[in-house]
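# Structural features, examined
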Amino acid sequence: MNYDICIVGGGASGLAAAIAALQAEPGRSVLILEKNREAGRKIRATGSGRCNITNAAAEGYLRVLTFFRSVGIATRTYPNGLVYPYSESAADVQEALVAAVTSLGGIIELDATVVAAEPAASSDGGGAADVTDGATDRGTAGFVVTYQTHADDGAPVVRTCTADRLILAAGGKAGPQYGTVGDGYKLAAAFGHEVVKPIPVLTQVECAGDGCEPLSGIRARGRVSLYRRSPDGLIDNGAPAPESTEQLLFEEDGEIQFTFYGLSGIAVFNMTRMMRLTGGLKFADFSVGINLYPEDDVTGFLLEKRSLGGTAASLLNTVLKPALADYVLARAGIDRTAAAARLSDADVARIAGTVHDLRFTPTGLHGWKDAQCTSGGVTLTEVDPDTCESLLCKGLYLTGELLDYDGPCGGFNLTHAWLTGINAGRAAVASLRDR
Ligand SMILES: Cc1cc2nc3c(=O)[nH]c(=O)nc-3n(C[C@H](O)[C@H](O)[C@H](O)COP(=O)(O)OP(=O)(O)OC[C@H]3O[C@@H](n4cnc5c(N)ncnc54)[C@H](O)[C@@H]3O)c2cc1C
């Protein structure tokens, strides 16, 4: 069977693409090939089961709301700009999107893992396609898509289908447990697309050398700063460069969650987007500073409190949770049992300095399984920004996390997925009309 449009991947952008195409031109044949046994599996896991659909600060926010309304999904924009389904159920979003595809006449084939996609002309030896403006023009030649599925008895079966337009919506590598293991990169590369090395982002930071075990489970509000040491390569014999040569790359206030291996929390997640290992950088070239009292200088308070007696540990009572206070004192080189009255001004300044700038040296990022997004992917300069059509192969579209885009937490990544899907779906169907 030849389809008007074949979409590889029934995730956020693939479902949006199918809906947008079928809303624009009812009656078109649209096939989604999805490797999982349900479409939109990852959507159900988003926003901790609530699905943070978009953000009032995101470009295209109103378009996203209009799209959701068009498929009957009620949304609520919270005072902080985050948008969730009114019911706060990610499963509701998944089910409504899948239902919208099928009620519009789209076909979703599950348990269909696409293993290859290529221009129809080259697969049947039918000669080279036209080349227009440097891109291969598929005209009506279309694409051949090969996928693996299973017969009723469970035996693997390889099938092919053809389509006039092909949308690659196979996602990135984050959350492989939801089906995204990087297949899309191979499929895109086969069309000549360049893929920027994917790395997991919006994930926890490991700091193996900082002895975080006693901090496991502690939450604290504070300011997270990311520095790059020695931007001009001054690190001598591996020794950390003096702090004066540090460059501030990122700063955000929020809740920090300490784990036995390092750091977590939204601000930490967002920070990981700046930890690209380009130009030979290593994780150890970054330094994370946590200000546990960002509103004010804590020194005056601690100096006053010293006169009340107690111990070094009690100085930090009500400022920090006890285990975090002990950690800070240890990092400042102060005995927690020392009498407060015996601490010198310099000792108190050292404690205050550590409260304001508790340093961690990253040794890595938590792996793909815990990451919420992929940094890297198909380079954006090879894709039309309005239509998501490949600039290398006409009739081919690329959407969502497969592209080299990543946004912060707060609904920006789903916004990108919905909008690129909508743009590609509409453009693909419009190009069939013009044919
Ligand atoms: C736990 C978690 C929580 C998140 N929460 C949020 C949030 O609240 N807000 C937000 O904005 N973003 C969130 N994200 C990020 C967001 O979910 C993704 O950026 C978005 O889903 C990407 O959409 P996509 O269509 O590009 O890819 P996906 O939604 O990942 O869909 C890709 C689909 O392609 C399928 N596929 C892959 N390879 C093949 C193949 N070879 N053949 C057939 N099918 C294939 C996959 O099974 C998958 O269904 C979260 C991510 C995770 C992991």
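Residues numbered from 1 in each chain as written. Predicted model: local features only at pLDDT ≥ 70, side-chain atom pairs only at ≥ 80, totals over all residues.

### Some remarks on the environment of Tyr227
For clarity, the cut-off: Put simply, DSSP H or I for four residues or longer makes a helix, DSSP E for two residues or longer makes a strand, and each gets a number counted from the N terminus. Exposure in this text rests on C-beta crowding, where 20 or more other C-beta atoms within 10 Å of a residue's own make it buried, 12 or fewer make it exposed, and counts in between make it partly exposed. The C-beta atoms are placed from the backbone. By the criterion used throughout, residues are in contact when their C-beta atoms, derived from the backbone, lie within 7 Å.
Position of Tyr227 relative to the elements: it lies in strand β14 (residues 219–228). Here Tyr227 falls in the buried class, since 20 other C-beta atoms lie within 10 Å of it. Spatially, the C-alpha atoms of Tyr227 and Ser287 are 5.1 Å apart, while their sequence positions differ by 60 residues. Ignoring sequence-local partners within four residues, the contact set of Tyr227 consists of Glu246, Gln247, Leu248, Leu249, Phe286, Ser287 and Gly289.

### Structural notes on the site of the ligand
For the record, the criterion: The C-beta atom of each residue is placed using the backbone, and any residue whose C-beta lies within 6 Å of a molecule or strand is treated as near it. Under the grouping applied here, Gly and all other residues not named as nonpolar or charged are polar, the nonpolar ones being Ala, Val, Leu, Ile, Met, Phe, Trp, Tyr, Cys and Pro and the charged ones Asp, Glu, Lys and Arg.
Close to the ligand lie 40 residues; Gly9, Gly11, Gly171, Gly179 and Gly400 are nearest. In terms of residues, the shell around the ligand owes the most to one element, helix α12 (residues 412–434), which gives 4 residues. By residue class, the composition of the shell around the ligand is 15 nonpolar, 19 polar and 6 charged.

### Some details on the domain arrangement of the chain
Many analyses report the size of an interface as the accessible area lost when the parts associate. Stated formally: Domain extents, as shown, originate in an automatic or database domain assignment.
The domain boundaries assigned to the chain delineate domain 1 (2–200 + 372–434) and domain 2 (205–365). Distance from the C-alpha centre of domain 1 to the C-alpha centre of domain 2: 41 Å. Every contact between the two is made by 7 residues of domain 1 and, on the other side, 6 residues of domain 2. When the residues that make up the side of domain 1 that touches domain 2 are grouped by side-chain class, the tally is 4 nonpolar, 2 polar and 1 charged.

### Comments concerning helix α4 (residues 90–103)
For clarity, the threshold we go by: Given the number of residues in a helix, its expected span is that number minus one, multiplied by 1.5 Å. Read the arc as the range of directions from the helix axis to the C-beta atoms.
For α4, which comprises 14 residues, the first-to-last C-alpha distance of 20 Å matches the rise-based estimate of 20 Å (1.5 Å per residue) to within 8%. If you check which residues of α4 are buried, you get Ala90, Val93, Gln94, Leu97, Val98, Ala100 and Val101. Along the axis of α4, the buried residues cluster in a sector spanning 155°; they form a single face. For α4, exposure combined with an orientation more than 90 degrees from the buried face picks out Ala99 and Ser103. Lining the buried residues of α4 we find α1 (12–24), β2 (30–33), α2 (41–45), β5 (82–85) and β6 (107–109).

### A closer look at the pairing of β5
The line we're drawing: At least two DSSP bridges between two strands are required for those strands to pair.
In terms of strand pairing, strand β3 (residues 54–55) meets β5 through 2 bridges, oriented antiparallel. Looking across to β5, one finds that Asn55 is bridged to Leu82. Bridge analysis of strand β4 (residues 75–77) against β5 gives 3 bridges, and the strand direction is antiparallel. Across the sheet, residue Thr75 finds its bridge partner in β5, namely Pro85.

### Side note on the sheet that holds strand β15 (residues 247–258)
A sheet is described by the order of its strands in space; here 7 strands give the open sequence β18-β17-β14-β15-β16-β13-β19, paired in antiparallel fashion. With partners counted over all chains shown, the strands left at the sheet margins are β18 (358–360) and β19 (364–365), one partner each. Sheet topology note: the strand β13 (residues 205–206)/β19 ladder contains 2 bridges and is antiparallel. Within β19, the position partnered with Val205 by the bridge is Leu365.

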